[in-house]
Structure formats: structure tokens, C-alpha cells
Amino acid sequence: YLTELSLSTCFWLRPDHFRFANAQFAYLKKLELANNTHLNAWAWGELHQFKHLRMLNLARCSQLINQDLKLIAQG
């Protein structure tokens, strides 16, 4: 099983890629999303599907606002 995935600085990343990753890597524990400043609330909403996720790196995602962080934390 793949347990760690780095998608940092991936300008092409979209919310549907999270759905695909969750389907392919159901036991993912660590996800790196640093420097993906183009991602928005639609993308963050998809993170709740990663049931085994224990570590999420959102460093330098300056577009995040409090509401986004609440949405992520709910997952």
C-alpha cells in the first residue's frame, strides 16, 4: 500500500485528482500539498474522503482562510 504522497507545487492539481487519489490509495496516511496556492474550497472538501490520513502539509498555501481550515478539520 502507498501510504505517503507528495503533490506539492503541482499547478495542474484539481479536486477530481483528490477523488482519483483516494480511490487508488485508500490507505494514504501522509499527503503533501505545500505550495498549491491555486487550490480552493472545492479541493479542500474532497480531503474528507481520505479516511486514514494522519498528516497533511499545507505549507505556503496562502489562499487558505479560516473557513477553509474549518472544512479541512471537519474531515
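Look up: the structure comes first, before these words.
My aim in this report is to walk through the structure given alongside it, one point at a time. These figures come from a predicted structure and were not determined experimentally. Going along each chain's sequence as written, the residues are numbered from 1 onward. Given that this is a predicted model, residues contribute local features only at a pLDDT of at least 70 and side-chain atom pairs are listed and counted only at 80 or more, while totals for whole chains, interfaces and linings are drawn from all residues. Excluding hydrogens and water, the side-chain values take into account all heavy atoms of the structure.

1. Quick look at the overall build of the chain
And then number 1: Comment: elements are numbered from the N terminus, with helices defined as DSSP H or I runs of at least four residues and strands as E runs of at least two. Across its full length, the chain holds three helices and three strands.
And then number 2: The order of helices and strands in the chain, counted from the N terminus, is β-α-β-α-β-α.
And then number 3: Each of the three principal axes of the chain carries a C-alpha extent, and together these read 30 × 25 × 20 Å.
And then number 4: A contact between two residues is defined here by any heavy atoms of the two lying within 4.5 Å. Sequence-distant contacts in the chain: of pairs separated by 6 or more residues, those separated by 24 or more amount to 73%.
And then number 5: Note that accessible areas follow from Shrake-Rupley with a 1.4 Å probe, and for residues the cover is restricted to the protein chains shown. By element, 55% of the accessible surface of the chain is carried by carbon and sulfur atoms, the whole surface being about 5,000 Å².
And then number 6: Averaging the locations of the 8 positively and 5 negatively charged side chains of the chain gives two centres separated by 5 Å. Just so you know, the count uses Lys and Arg for positive and Asp and Glu for negative, and it drops His and the chain ends. Charged groups are reduced to one reference atom each: NZ for lysine, CZ for arginine, CG for aspartic acid, CD for glutamic acid.

2. Some points on the sheet that holds strand β3 (residues 55-57)
And then number 1: The sheet built from three strands is open, its strands ordered β1-β2-β3 with parallel pairing. In this open sheet, the two strands that pair with only one neighbour each are β1 (4-6) and β3. Going across the sheet, the axis of each strand differs from the next one's by a mean of 5 degrees, ignoring polarity.
And then number 2: Strand pairing is assigned whenever DSSP detects at least two bridges linking the two strands. Looking at chain direction, β1 and strand β2 (residues 30-32) are connected through three bridges and run parallel. Within β2, the position partnered with Leu5 by the bridge is Leu31. Structural elements are reduced to axes, namely lines fitted to C-alpha atoms, with helices fitted over the stretch in contact, and the angle between N-to-C directions of any two is expressed from 0 to 180 degrees.

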